[in-house]
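Observations on chain architecture
Read off the chains here:
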Amino acid sequence: MKKSELIGENGFVLAAKAIGTAVKETEKSGLRGVENWIPRLMERISTGRLIAVAGSPKLHVYDTNFGWGRPNKVELVHVETGEAISLAEYRDEQGGIEVGLALNRNQMDEFVAIFEKSLNTL
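Residues numbered from 1 in each chain as written. Predicted model: local features only at pLDDT ≥ 70, side-chain atom pairs only at ≥ 80, totals over all residues. Heavy atoms only, no water.

1. Here's the deal with the packing of aromatic side chains
Rules: Aromatic pairs are defined between Phe, Tyr and Trp rings, using the six-membered ring for Trp, whenever the two ring centres lie within 6.5 Å; interplanar angles under 30 degrees are classed as stacked, those over 60 as edge-to-face, and all others as tilted. Comment: elements are numbered from the N terminus, with helices defined as DSSP H or I runs of at least four residues and strands as E runs of at least two. Summary of the burial criterion: residues with accessible area below 20% of their type's maximum are buried, those above 50% are exposed, and those between are partly exposed, where the area comes from a 1.4 Å probe applied to protein chains only.
Considering all chains together, one arrives at four aromatic pairs under this definition. Where Phe12 meets Phe111, the ring centres are 6.4 Å apart and the plane angle is 70°; that geometry is what we call edge-to-face. Here the residue Phe12 occupies a position in helix α2 (residues 11-29), and Phe111 occupies one in helix α4 (residues 105-121), the gap between them amounting to 99 residues. The exposure class assigned to Phe111 is partly exposed, which follows from its relative accessible area of 29%.

Given below as structure tokens:
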């Protein structure tokens, strides 16, 4: 996917579809092509085209109780060190997803502008 497509009017939607397609392809192919994973990873690291994704809505982090009740808010601390996305189930609504995003200030400003523009087109 080209950067011009991502920063376009439907960039957020296109990115979500591309991620969904990649996940489905990985589910189908399993470990096929595993020998290329490390070289592709190294290429993305060297070009700055890598973002970490941590967590899952299936981990049920809001069901954790150490004796003083459910947490009010869960943050994945390790994602705050750079370009990363965290995922968790939404605390107060069944089936919802909570997404955390850690970017530098310029990247976050760009993301917010694109995200707001995408929301306005829905």
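2. Details of the layout of surface pockets
For clarity, the threshold we go by: Points on a 1 Å grid over protein atoms alone make up a cavity when a 1.4 Å probe fits among them but cannot get out, and a pocket when they form an open set with protein on both sides within 12 Å along at least five of seven lines; lining residues each have an atom within 4 Å of a point. Grid points are joined across faces, edges and corners, and a volume is the space filled by probe spheres set on the points. The nonpolar class holds Ala, Val, Leu, Ile, Met, Phe, Trp, Tyr, Cys and Pro. Asp, Glu, Lys and Arg form the charged class, and all remaining residues, Gly among them, are polar.
Here the largest pocket is characterised by a volume of approximately 2400 Å³. If you go around the largest pocket, you meet 40 residues; those closest to its centre are Leu6, Ala15, Ile19, Ile51 and Ile85. Contributions of two or more residues to the lining of the largest pocket are made by α1 (3-6), α2, α3 (37-47), β1 (52-55), β2 (84-89), β3 (97-102) and α4. Top contributing element to the lining of the largest pocket by residue count: α2, with eleven residues. Considering only residue class, the lining of the largest pocket consists of 24 nonpolar, seven polar and nine charged.

3. Quick notes on a nonpolar patch on the surface
Note the threshold: Only residues above 30% relative accessible area that lack a salt bridge enter a patch, with like-charged residues linked at up to 9 Å and the nonpolar side chains Val, Leu, Ile, Met, Phe, Trp and Tyr linked at up to 5 Å. Accessibility throughout is a Shrake-Rupley quantity obtained with a 1.4 Å probe, and a residue counts as covered only by protein chains that appear here. The salt bridge criterion pairs a side-chain nitrogen of Lys or Arg with a carboxyl oxygen of Asp or Glu, the two atoms within 4 Å.
Where nonpolar side chains cluster on the molecular surface, the patch consists of Ile38, Leu41, Met42, Ile45 and Leu50 and spans about 450 Å² of accessible area. Topologically, Leu50 is positioned in the loop between α3 and β1. By relative accessible area, which is 36% here, Leu50 ends up partly exposed.

4. A word on the environment of Arg44
For clarity, the cut-off: Contact definition: two residues touch when any of their heavy atoms are within 4.5 Å.
Looking at the secondary structure, you find Arg44 in helix α3. On the accessibility criterion, Arg44 (35% relative accessible area) is partly exposed. Excluding anything up to four places from it in sequence, Arg44 contacts Arg49 and Leu50.

5. Focus on the sheet that holds β1
This is how it is decided: Any two strands with at least two DSSP-identified bridges between them are counted as paired. Only the stretch in contact is used when fitting a helix axis, every axis being a line fitted to C-alpha atoms; angles between N-to-C directions are given from 0 to 180 degrees.
The sheet built from three strands is open, its strands ordered β1-β2-β3 with mixed pairing. Taken across any chain shown, the strands that pair with only one partner, and hence form the sheet edges, are β1 and β3. The sheet shows a mean angle of 20° between the axes of neighbouring strands, taken without regard to direction.

The quantities given are spatial measurements derived from coordinates; they are silent on function.
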